[in-house]
Amino acid sequence: MSLTGNWSYPTAIKFGAGRIAELPDACAQAGMKRPLLVTDKGLADLPITIGTLDIMEAAGLGRGIFSEVDPNPNEKNLEAGVAAYKAGGHDGVIAFGGGSGLDLGKMVAFMCGQTRPVWDYEDVGDWWTRADADAIAPIVAVPTTAGTGSEVGRASVITNSETHVKKIIFHPKVLPAVVICDPELTVGMPKFITAGTGLDAFAHCVEAFSSPHYHPMSQGIALEGMRLVKDYLPRAYANGSDIEARAQMMSAAMMGATAFQKGLGAIHAMSHPIGAVFHTHHGTTNAVCMPAVLDLNAPVIADRFRTAAAYLDIEGGFDGFRAFVQDFNDALGIPRTLKDLGVDPARVDELVAEAIKDPSCGGNPVKLTEANLKQLYEASF
């Protein structure tokens, strides 16, 4: 089976090895003639980024780049990115990288024509309607990891540098016009990033599958996404040059992000404040939190995960799935506890106070309270 395709769901996607060469066509499709490539500091000087800039330049698109993006991008990164966009006379954004580069790139395109602070567009009610939709620049997304799925998302996560709180900024037009998914761009990922990003995709699928909201399309996507991670993440972790495994993981990442339109839950509610305060890797943090959250949700989700376990060829129903999750984490070098990630147990109350405000709480099968969130944190130390 050829792992190459042109898909139109949830947006236009050019999928397959070597397809970064089609970036000029993608920019033309999106209506860009002078794009700004936005990526993170760690990627700026790597061969995959230099090669992409070369492709842009050869096509007459220039080689504009902004890379002052932190691992947990914040409003200061965003302000600097918007300033670079305007100063360079750009007409669109190539969001390039993992979650941080993708999220910040999308926000540069979103905010370059807005007049209100970014926090006024948080994913609360209909706040997104405050934005001038016509002022949002076109976006082409190029993921270089397989985890967040932000390349097919309509939102970005931005950290408030003063309060250390992560906020979700949403607008339908933040969904990239074109996505290039080239698994060759992920070959150089270190093993710990391969594991952490892959388990982020897994968490998206698990939480979407657990969510009580009605969305059978997302339910099916989440189930198959879990299977792809189970089957192919160990291969990508063991051999970073396994293009088939890398490609299947890129699919799983997009599937997780598409599925979680159905809702996320306590894993992300816990993880967001931890990442904002302690700057931990998001996907790795999700993986550490997952076992305790599965235990909390067990009375509600056991039946549906009995079905999932059978599909995933895991024996033992929900209990077998729960055991698999811990074994999977262990096999991929994931720390067992939040303390091992560098999280201070003395700050649990502070984390709980922020977690209870997280929009992800609304998708958890068991109603989240400050009391059971505290129990979850304590169980994860």
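Our structure is the block above this text.
One structure accompanies this document, and this report is about it. (Residues numbered from 1 in each chain as written. Predicted model: local features only at pLDDT ≥ 70, side-chain atom pairs only at ≥ 80, totals over all residues. Heavy atoms only, no water.)

Comments concerning the packing of helix α8 (residues 266-278) against helix α11 (residues 348-355)
Argument step 1. In contact at an axis separation of 8 Å, α8 and α11 are set at 125 degrees when each is read in the N-to-C sense. Taken together, the axes of α8 and α11 are oblique relative to one another. Relative to α11, the crossing made by α8 is right-handed. Contacts from Ala269, Pro273, Ile274, Val277 and Phe278 in α8 reach Glu350, Leu351, Glu354 and Ala355 in α11.
Argument step 2. Taken together, the residues of the contact of α8 with α11 sort by class into seven nonpolar, no polar and two charged. (Axes fitted to C-alpha atoms, helices over the stretch in contact; angles between N-to-C directions. Helix = DSSP H or I, 4+ residues; strand = E, 2+ residues; numbered from the N terminus. Parallel < 35°, antiparallel > 145°, perpendicular 65-115°, else oblique. Left-handed = near helix turned anticlockwise from the far one by under 90°. Contact = heavy atoms within 4.5 Å. Nonpolar A, V, L, I, M, F, W, Y, C, P; charged D, E, K, R; others polar.)

Section: the side chain of Asp182
Argument step 1. Turning to its location among the elements, Asp182 is positioned in the loop between β9 (178-181) and α5 (191-210).
Argument step 2. One polar contact links the side chain of Asp182 to the main-chain amide nitrogen of Ile20, over a distance of 3.1 Å.
Argument step 3. Apart from residues no more than four positions distant in its own chain, Asp182 is found in contact with Gly16, Ala17, Gly18, Arg19, Ile20 and Met250. (Polar contact = N/O pair within 3.5 Å; in protein donor to acceptor, adjacent residues only side chain to side chain.)

Things to note about the environment of Lys339
Argument step 1. Positionally, Lys339 belongs in the loop between α10 (317-331) and α11.
Argument step 2. The spacing of Lys339 and Ser380 is 41 residues in sequence and 8.2 Å in space, taken between C-alpha atoms.

Quick notes on the pattern of salt bridges
Argument step 1. In total, this model carries 17 salt bridges according to the counting rule given.
Argument step 2. Arg63 serves as the salt-bridge partner of Glu57, at 2.8 Å between the closest nitrogen and oxygen.
Argument step 3. The salt bridge partner of Asp349 is Lys374, with a shortest N-O separation of 3.3 Å. Separated by 25 residues along the polypeptide, Asp349 in helix α11 and Lys374 in helix α12 (residues 370-379) bring together distant segments of the chain.
Argument step 4. Classification of Asp349 as exposed rests on a relative accessible area of 51%.
Argument step 5. Taking relative accessible area as the criterion, Lys374 reaches 33% and is therefore assigned partly exposed.
Argument step 6. Connected through shared salt-bridge partners, Glu224, Arg227, Lys230 and Asp231 make up one network. (Salt bridge = Lys/Arg side-chain N within 4 Å of Asp/Glu carboxyl O. Buried < 20%, exposed > 50% of the residue type's maximum accessible area, 1.4 Å probe, protein only.)

Overview of the nonpolar core
Argument step 1. If you look at the biggest cluster of nonpolar residues, it comprises 104 residues, and the most contacted ones within it are Phe110, Phe202, Met226, Phe305, Phe321, Leu376 and Tyr377.
Argument step 2. Per-element tally for this core: the top contributor is helix α9 (residues 282-311), with 14 residues.
Argument step 3. Of all hydrophobic cores here, the second largest spans 18 residues; its members include Met32, Met56, Leu61 and Val140. (Core = buried A, V, L, I, M, F, W, Y, C linked by side-chain atoms within 4.5 Å.)

Description of the packing of α9 against α12
Argument step 1. Relative to each other, α9 and α12 sit at 140 degrees, their axes nearing to 8 Å. By the angle between their axes, α9 is oblique relative to α12. α9 and α12 meet at a crossing whose hand is right-handed. Between α9 and α12, the contacting residues are Ala292, Val293 and Leu296 on the first element and Asn372, Leu376 and Ala379 on the second.
Argument step 2. A breakdown of the residues in the contact of α9 with α12 according to their chemical character gives five nonpolar, one polar and no charged.

Thoughts on the pairing of strand β5 (residues 93-97)
Argument step 1. Burial of β5 is extensive: five of the five residues sit out of reach of the surface.
Argument step 2. Relative to strand β6 (residues 139-143), β5 runs parallel, the two sharing five bridges. Residue pairing across strands places Val93 opposite Ile139, the latter belonging to β6.
Argument step 3. After leaving β5, the chain enters helix α4 (residues 99-111) and then returns to the sheet as β6, a path that is right-handed. (Pairing = 2+ DSSP bridges. Right-handed = clockwise from strand over helix to strand, strands pointing away.)

Describing the sheet that holds strand β1 (residues 5-7)
Argument step 1. Taking strand neighbours across the sheet as the criterion, the seven strands line up as β1-β2-β9-β6-β5-β3-β4 in an open arrangement whose pairing is mixed. The two strands at the open ends of the sheet, each matched to only one other strand, are β1 and β4 (65-66).
Argument step 2. One ladder, built from four bridges, connects strand β2 (residues 12-15) with β9; its direction is parallel. Looking at the pairing, Ala12 lines up with Val178 of β9.
Argument step 3. Against the sheet, helix α1 (residues 23-30) makes contact with β2, β5, β6 and β9, and its axis sits at roughly 150 degrees relative to β6, the strand it touches most.

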